[in-house]
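Listed below, chain by chain, are the residues.
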Amino acid sequence: MYRSDVDPEHASVTGRKRSQRPQRTHREVAEELRARIRSGALRPGERMPTQAQLAHEFGVERGAVRRALRILQSERLLTNVSKGAPATVAADLTRALTGPEAPPLPTTVALAPRIAEAFAAEHVEIDAVCLTSISLTLAIGEPLRQIHAGRLKPAKVDVRVLLPSRDIDLAFPVPVEGRRDDWVHERWVAMRNAQGQVLEHNLLALRATHGIDVQVTFRALPFTPPVKLYLLNGAEALFAYYTLARRETEIDHEHLEMYDAQGTRSMLFSFRQGPGLRDTTFVEQSHLWFNALWETISSKLVLTG
């Protein structure tokens, strides 16, 4: 347990003398606490130091500590994060979802906590390349719930999404025989439009309900993306492959075999800017790739018809 008899003016939460250093960001605080939990320095079920003690140790404001703790709560490393009593290390750390050392996980599992962490920033920036935006729409639900509960309050949210144009022959989903099937294509168009409209509506509603400056923009690609990519606040890239499978569906009581990908099950790999050159370079190159598509061959996308 944390030793309450240690004078916080002279020692850190680990009992060591506090060193003088530049003020850390909330992400750096989260990374350090995450490392302590993973190393066993903070044990499952153990109460964390108070927010005041953590703020003193890391030389940051309590608001930065709260944002760091919320990140770890979204990763299921902490429970009972509030302004009152100290948080508690999760009793079952095997359920922890994210973090730099976490293995890749299905998009439905991994994306929501990363999006929730991104929304802890003052200015949220999300760029996405995907087939229908269904995973992004689902993942946005978590930070929206936290905003409505008063736990998050970004000042500005900018979202840019690249989706395939309806005017191209998709590489997938397509019938196995290889010819274009209008029913398959139009069903995909309807799904693309519906998911994008829900995403846009839910985000733009934050203007009226919470006074948040929100901008949501879609553009159309002239090709079918073989991968999905999410770029969060210029600091993290989440990458997954669309893996095709042969499956059967029923249309007007007739069976149709088609090639399709279930993007919500794609394994999501996380890369973060930081001391590691490999991850930092991947994030930077991903931004360059996205911006090049956005500014060159993509076109205006209207989610109707």
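Quick caveat, the model's predicted, so the values are computed rather than measured.

A. How the structure looks around the sheet that holds strand β8 (residues 227-232). If you trace the eight strands from one edge of the open sheet to the other, you get β3-β12-β9-β8-β4-β5-β7-β13, paired in mixed fashion. This sheet does not close on itself; its edge strands, each paired only once, are β3 (105-106) and β13 (299-300). By the bridge criterion, four bridges tie strand β9 (residues 236-241) to strand β12 (residues 267-272) in an arrangement that is antiparallel. Residue phenylalanine 239 lies in a different strand from β12, and its bridge partner there is phenylalanine 269.

B. Molecular detail of a negative patch on the surface. On the surface, a cluster of negative charge is made up of Glu248, Glu250, Asp252 and Glu254. The residue aspartate 252 is located in the loop between β10 (244-251) and β11 (254-261) in this model. Exposure remark for aspartate 252: the relative accessible area of 68% places this residue in the exposed category.

C. Layout of the side chain of glutamine 146. With respect to the helices and strands, glutamine 146 occurs in helix α5 (residues 134-148). Among residues more than four places away in sequence, those in contact with glutamine 146 are Ala116, Arg151 and Leu152.

D. Looking closely at the packing of aromatic side chains. Per the stated rule, a full pass over the model turns up five aromatic pairs. Geometrically, the ring pair formed by phenylalanine 271 and phenylalanine 282 is stacked, given 4.0 Å between the ring centres and 25 degrees between the ring planes. Here phenylalanine 271, found in strand β12, pairs with phenylalanine 282, found in helix α7 (residues 277-295); they are 11 residues apart in sequence, far enough to count as distant. Taking NZ or CZ as reference, arginine 160 lies 5.0 Å from the ring centre of tryptophan 294, over its face. When the ring centre of tryptophan 294 is taken as reference, the NZ or CZ atom of arginine 219 above it lies at 5.9 Å.

E. Focus on the nonpolar core. Ile115, Phe119, Ile126, Leu136, Ile140 and Leu203 are the most contacted members of the largest nonpolar core, which totals 44 residues. For this core, the secondary structure elements donating two or more residues are α4 (107-118), β4 (123-129), α5, β5 (156-164), α6 (182-210), β7 (213-221), β8 and β9. The next biggest cluster of nonpolar side chains, apart from the first, holds 21 residues, and it includes Ala68, Leu69, Leu72 and Leu78.

F. Quick look at helix α3 (residues 62-74). In a regular helix each residue adds 1.5 Å, so 13 residues correspond to 18 Å; α3 covers 18 Å between its end C-alpha atoms and thus fits that length. Residues of α3 that are buried: Ala64, Val65, Ala68, Leu69, Arg70, Ile71, Leu72 and Ser74. Buried residues along α3 sit in contact with α1 (26-39), α2 (51-58), β1 (78-79) and α4. At the exit of α3 stands arginine 76, carrying a positive phi of roughly 65 degrees.

G. Looking closely at the pairing of β10. Across eight bridges, the pairing between β10 and β11 is antiparallel. Each bridged residue has a counterpart across the sheet, and for leucine 244 the counterpart in β11 is alanine 261. A loop of two residues connects β10 with β11, the two strands running antiparallel in sequence, and aspartate 252 in this loop sits at a positive phi of about 50 degrees.

H. Region of interest: the packing of α4 against α5. Orientation of α4 relative to α5, taken along the N-to-C sense of each, is 40 degrees, at an axis distance of 8 Å. As the angle between them shows, α4 and α5 are arranged oblique. For the crossing formed where α4 meets α5, the hand is right-handed. Taking contact as the criterion, the partners of Thr107, Leu111, Ala112, Ile115 and Ala116 in α4 are, on α5, Ser135, Leu136, Ala139, Ile140, Glu142, Pro143 and Gln146. In terms of residue class, the contact of α4 with α5 is made up of eight nonpolar, three polar and one charged.

I. Representation of the sheet that holds β11. A sheet is described by the order of its strands in space; here three strands give the open sequence β6-β11-β10, paired in antiparallel fashion. Pairing within the sheet leaves two strands with one partner each, and these edge strands are β6 (174-175) and β10.

J. Representation of the pairing of β4. With respect to burial, β4 is a largely interior element, five of its seven residues being buried. Summarising the sheet, β4 and β5 pair through seven bridges and their orientation is parallel. For histidine 123, the partnering residue across the bridge sits in β5 and is lysine 156. Here β4 runs beside β8; their pairing, made up of four bridges, is antiparallel. Along β8, the bridge assignment pairs valine 129 with leucine 229.

Cut-off values and rules
- Residues numbered from 1 in each chain as written.
- Predicted model: local features only at pLDDT ≥ 70, side-chain atom pairs only at ≥ 80, totals over all residues.
- Heavy atoms only, no water.
- Pairing = 2+ DSSP bridges.
- Helix = DSSP H or I, 4+ residues; strand = E, 2+ residues; numbered from the N terminus.
- Patch = residues over 30% accessible without salt bridge, like charges linked within 9 Å, V, L, I, M, F, W, Y side chains within 5 Å.
- Areas by Shrake-Rupley, 256 points an atom, 1.4 Å probe, with all protein chains shown as cover.
- Salt bridge = Lys/Arg side-chain N within 4 Å of Asp/Glu carboxyl O.
- Lys, Arg positive; Asp, Glu negative; His and termini not counted.
- Charge placed at Lys NZ, Arg CZ, Asp CG, Glu CD.
- Buried < 20%, exposed > 50% of the residue type's maximum accessible area, 1.4 Å probe, protein only.
- Contact = heavy atoms within 4.5 Å.
- Phe/Tyr/Trp six-rings, centres within 6.5 Å; stacked < 30°, edge-to-face > 60°.
- Lys NZ or Arg CZ within 6 Å of the ring centre and 35° of its normal.
- Core = buried A, V, L, I, M, F, W, Y, C linked by side-chain atoms within 4.5 Å.
- Expected span 1.5 Å × (residues − 1).
- Axes fitted to C-alpha atoms, helices over the stretch in contact; angles between N-to-C directions.
- Parallel < 35°, antiparallel > 145°, perpendicular 65-115°, else oblique.
- Left-handed = near helix turned anticlockwise from the far one by under 90°.
- Nonpolar A, V, L, I, M, F, W, Y, C, P; charged D, E, K, R; others polar.

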